Amino acid sequence: MTTRQDLFSLARHTRDSASLFVKDIGNGLLVVSHNTLALLGLAVVAVLLVFTSQAGLREKVESATLGWLHARQEARAEADGSAMLVPAEPEAIARATATDPRGLSHQQAAVAHWLARRYRVAPEPVSRLVQEAWAVGQRAKVEPTLILSIMAIESGFNPFAQSSVGAQGLMQVMTRVHDDKYEAFGGTLAAFDPVTNLRVGVQVLKECIQRAGSLDEGLRYYVGAANLADDTGYTARVMAEHDLLKAVAAGRSVPANASARPLREAASAPSGESAQVAMLR
């Protein structure tokens, strides 16, 4: 009887010990799991704080992630034999010189749409130029419609236009003469960036008007005809376009079917071109 009781007692102790052992292991795993989750939560919070406080880091990670996803997509397309001829570049839109006309004021939008119809160009890039002409004109105290008129007569809104004497871009600035003005924009190749050409062109125009003492004479300086008897009608064409644009900006109905006559090959420069055109363009 005693032996049987001892066996029962031993079995009970063994069961209790095993139960306690399992319970201790469970409690230990629970504690470890709880601590691990807590650490993981703290790590996530720390990462989120870093990302929200450092926009540059967040953008780099997002850009790297997006680039990786695009690379994977292109790799799959190549494997399927359906790869695009030109790789995708989702950030290309940042280089586009364009603005939605609906984001402009009523006055600016009217001018942009009129110029788009008149010169047969897209309203979005013209809207960006109209927007910039208003902003730069206000700072330089030059009428924005005058700036746009010069662009229209000089290049017909072709940002890649070039004359035989080296005037380039929308406002036909003499790049080699005014190379110093392009230094702030990264160099002379910025002459073919429409917004940069507009800004430099307005700076040159302002200098010409100040030097000449009047708008009409300033335009003669701008076109390189200050010392010539005739400016080939340049000033008259600019001012005529200016009057039309002012009427459009004032809300009047102006037909846009007049033929566009962008000037280039202005009056031939005299023999001292570097002295004459240097300040005039």
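In case you missed it, the structure is sitting above this.
About the cut-offs
Residues numbered from 1 in each chain as written. Predicted model: local features only at pLDDT ≥ 70, side-chain atom pairs only at ≥ 80, totals over all residues. Heavy atoms only, no water. Helix = DSSP H or I, 4+ residues; strand = E, 2+ residues; numbered from the N terminus. Buried < 20%, exposed > 50% of the residue type's maximum accessible area, 1.4 Å probe, protein only. Contact = heavy atoms within 4.5 Å. Areas by Shrake-Rupley, 256 points an atom, 1.4 Å probe, with all protein chains shown as cover. Axes fitted to C-alpha atoms, helices over the stretch in contact; angles between N-to-C directions. Parallel < 35°, antiparallel > 145°, perpendicular 65-115°, else oblique. Left-handed = near helix turned anticlockwise from the far one by under 90°. Nonpolar A, V, L, I, M, F, W, Y, C, P; charged D, E, K, R; others polar. 1 Å grid on protein atoms, 1.4 Å probe; cavity = no way out; pocket = protein on both sides within 12 Å on 5 of 7 lines; lining within 4 Å. Points joined across faces, edges and corners; volume = space filled by probe spheres on them. Expected span 1.5 Å × (residues − 1). Salt bridge = Lys/Arg side-chain N within 4 Å of Asp/Glu carboxyl O. Core = buried A, V, L, I, M, F, W, Y, C linked by side-chain atoms within 4.5 Å. Polar contact = N/O pair within 3.5 Å; in protein donor to acceptor, adjacent residues only side chain to side chain.

Is there a simple way to explain the overall build of the protein chain in this structure?
Each helix and strand counted, the protein chain has 9 helices and 2 strands in total. Of the regular secondary structure in the protein chain, the N- to C-terminal order runs α-α-α-α-α-β-β-α-α-α-α. Relative to its full complement of 281 residues, the protein chain shows a buried share of 35%. Counting only contacts in the protein chain whose residues sit at least 6 apart along the sequence, the fraction spanning at least 24 positions is 59%. Of the roughly 16800 Å² that the protein chain leaves accessible, carbon and sulfur atoms contribute 58%.

Even after reading the chapter, I still don't get the packing of helix 3 (residues 106-119) against helix 4 (residues 123-140), so can you show me in this structure?
Where helix 3 meets helix 4, the closest approach of the two axes is 9 Å, and the angle between their N-to-C directions is 135°. In terms of orientation, helix 3 lies oblique with respect to helix 4. In this structure, helix 3 meets helix 4 at a crossing whose hand is right-handed. Of the residues in helix 4, those touching helix 3 at Gln107, Gln108, Val111, Ala112, His113, Leu115 and Ala116 are Pro123, Val126, Ser127, Val130, Gln131 and Trp134. A per-class count over the contact of helix 3 with helix 4 returns 8 nonpolar, 5 polar and no charged.

What is the right way to look at the layout of surface pockets in this model?
With a probe scaled to a water molecule rolled over the atoms, the places where space remains empty come into view. Here the largest pocket is characterised by a volume of approximately 200 Å³. In this structure, the largest pocket is lined by 13 residues; those nearest its centre are Thr97, Pro125, Pro159, Phe160 and Pro194. In terms of residue count, the dominant contributor to the lining of the largest pocket is helix 4 (3 residues). For the lining of the largest pocket, a count of residues per class yields 10 nonpolar, 1 polar and 2 charged.

Hey, could you run me through helix 5 (residues 144-155) in this one?
For helix 5, spanning 12 residues, the distance from its first C-alpha to its last is 17 Å, which sits close to the expected 16 Å at 1.5 Å a residue. Across the 12 residues that make up helix 5, a large majority, 12, are buried. Turning to helix 5, its buried residues number three or more, namely Pro144, Thr145, Leu146, Ile147, Leu148, Ser149, Ile150, Met151, Ala152, Ile153, Glu154 and Ser155. Buried-residue contacts for helix 5 involve helix 3, helix 4, helix 6 (194-212), helix 7 (215-223) and helix 8 (234-249). Looking at the residues trailing helix 5, positive phi occurs at glycine 156, about 60°.

Explanation requested: the packing of helix 3 against helix 8 in the structure shown.
Angle between the axes and distance between the axes are the two parameters that describe a pair of packed helices. Direction vectors running N to C along helix 3 and helix 8 enclose 135°, while the axes themselves pass 8 Å from each other. As judged from the angle between their axes, helix 3 and helix 8 are oblique. For the element pair helix 3 and helix 8, the recorded crossing hand is right-handed. Residues Gln107, Ala110, Val111, Trp114, Leu115, Arg118 and Tyr119 of helix 3 form the contact with helix 8, whose own contacting residues are Glu241, Leu244, Leu245, Val248 and Ala249. Residue composition of the contact of helix 3 with helix 8, by class: 9 nonpolar, 1 polar and 2 charged.

Even after reading the chapter, I still don't get the pattern of salt bridges, so can you show me in this structure?
One side chain can pair with another of opposite charge once the charged atoms of both are near each other. Evaluation of the coordinates by the stated rule reveals 7 salt bridges. The salt bridge involving aspartate 100 is made with arginine 102; its shortest N-O contact spans 2.8 Å. Take aspartate 100: its relative accessible area is 36%, and that puts it in the partly exposed class.

What is the right way to look at the nonpolar core in this model?
One finds Leu115, Leu148 and Met171 to be the most contacted residues of the largest nonpolar core, which totals 49 residues. Listing elements by their share of this core, those giving two or more residues are helix 3, helix 4, helix 5, helix 6, helix 7 and helix 8. Discounting chain neighbours no more than four positions away, the residues touching leucine 115 are Arg120, Val121, Val126, Val130, Leu148, Phe157 and Leu245.

What am I meant to see in helix 7 here?
Each turn of an α-helix holds 3.6 residues, which means side chains three or four residues apart point in the same direction. Taken as a whole, helix 7 has its buried residues at Gly218, Leu219, Arg220, Tyr221, Tyr222 and Val223. Where helix 7 begins, one side-chain oxygen reaches toward the backbone nitrogen of glutamate 217, 3.3 Å away; that side chain belongs to serine 214. Of the residues one or two after helix 7, glycine 224 is the one with positive phi, at around 85°.

Hey, could you run me through the environment of glutamate 207 in this one?
Relative to the assigned elements, glutamate 207 resides in helix 6. Between the C-alpha atom of glutamate 207 and that of glycine 218, which follows or precedes it by 11 residues, the distance is 8.2 Å.

So yeah, pure geometry; function would need other evidence.
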